[in-house]
Amino acid sequence: MASAERLDGDVLAARLRQDLKARVAGLRARGVVPAMATVLVGDNPASLSYVGRKHADCAEIGIAARDIRLPATTDRQELLAGIARLNADPAIQGFLVQLPLPAGLDEAEALEAVDPGKDMDGLHPVNLGRLLAGRPGLLPCTPAGVLALLNHHDVPLAGRHVVVIGRGALVGRPLAMLLSMPGVDATVTLAHSRTPDLAGLTRQADVIVSAAGRTDLVTAAMVRPGAAVVGVGITYLDGQMVSDIADDVAGVARWVTPRHGSVGSLTRAMLLKNLLDIAEGVAG
Ligand code: GUN
């Protein structure tokens, strides 16, 4: 069975962190200490792990990081007040509110309460709007990571057909926008749970990106030989992380992400890239 080239997000992320380290050194030489904060409400185990990794990356790169933990009982006013304090804090250049929030808190409202100039996530409507308008801004991190991964492996995108599976506001919708921008120039189809004949569609794709979070959603029978296949969605099975991409895809695709890998490390690298863009006054 032919074997596809691995699109390994961890390898690229390690390289990006080296670039970020050099930028931090430049900022510190100018007397600027880059500093971020995370806001975690409740104790969702996956979120605890993700936040822990974000802080570990900051420690590695030399970014100061504040870890704000709020109880699961936090109400709307308390959360918005916490966000307002970070918006007003001159020592913090960027921050994020970890999602998902506990039931009863409005995620869209929390994202919109973040100062768009401090929005490391690139998920504030102003920053999503700038992406839509084709103006420079802070890009959403997972879509930016997927594009970086495809570019790093020289996967052709200009004029190619990309099928994005999943229309979520964090990944699918902004990724479809990013890949169709001038300069990237892909032709993008955004598929979702109501799309009929998904396999018929993906078999026409040069690139498939699955951000659905369903194990084995994309199988070899759905992939045209020579395509690139990126798994963004993840599921936890018996404590192990599993992507949307079935094992047999590696026998058909030319490029594929690892079954037990994710693009999470790239998302985090892009998060810290956004922070340094803010700190350097490039964006925001
Ligand atoms: N939860 C899962 N992914 C993300 C992300 O990219 N940003 C935030 N804030 N929360 C998340």
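It should be emphasised that the depicted structure is a prediction, and the values quoted were computed from it without experimental measurement. (Residues numbered from 1 in each chain as written. Predicted model: local features only at pLDDT ≥ 70, side-chain atom pairs only at ≥ 80, totals over all residues. Heavy atoms only, no water.)

## Some points on the overall build of the chain
Right, on to step 1. A tally of helices and strands in the chain yields nine helices and 11 strands.
Right, on to step 2. The globule rule puts the C-alpha radius of gyration for 284 residues at 19 Å, and the 19 Å found for the chain is close to it.
Right, on to step 3. Residues classed as buried in the chain amount to 50% of the 284 residues present.
Right, on to step 4. For the chain, the computed accessible surface area is about 12500 Å², with 54% contributed by carbon and sulfur atoms.
Right, on to step 5. Each charge sign in the chain was given a centre, from 27 positive and 29 negative side chains, and these centres are 3 Å apart. (Helix = DSSP H or I, 4+ residues; strand = E, 2+ residues; numbered from the N terminus. Rg over C-alpha atoms; globule rule 2.2 N^0.38 Å. Buried < 20%, exposed > 50% of the residue type's maximum accessible area, 1.4 Å probe, protein only. Areas by Shrake-Rupley, 256 points an atom, 1.4 Å probe, with all protein chains shown as cover. Lys, Arg positive; Asp, Glu negative; His and termini not counted. Charge placed at Lys NZ, Arg CZ, Asp CG, Glu CD.)

## Considerations on the packing of helix α1 (residues 9–29) against helix α2 (residues 45–61)
Right, on to step 1. Their axes nearest at 9 Å, the elements α1 and α2 cross at an angle of 55 degrees. With respect to α2, the element α1 is oriented oblique. Here α1 contributes R17, Q18, L20, K21 and V24 to the contact with α2, which in turn contributes D57, E60 and I61.
Right, on to step 2. Of the residues in the contact of α1 with α2, the class split is three nonpolar, one polar and four charged. (Axes fitted to C-alpha atoms, helices over the stretch in contact; angles between N-to-C directions. Parallel < 35°, antiparallel > 145°, perpendicular 65-115°, else oblique. Contact = heavy atoms within 4.5 Å. Nonpolar A, V, L, I, M, F, W, Y, C, P; charged D, E, K, R; others polar.)

## Let's talk about the sheet that holds strand β6 (residues 187–191)
Right, on to step 1. The strand order across the open sheet formed by six strands is β1-β11-β8-β7-β5-β6, and the pairing between neighbours is parallel. Sheet topology places β1 (5–6) and β6 at the edges, where each strand pairs with a single neighbour.
Right, on to step 2. Where strand β5 (residues 161–165) and strand β7 (residues 207–210) come together, four bridges link them in parallel fashion. Within β7, the position partnered with I165 by the bridge is S210. (Pairing = 2+ DSSP bridges.)

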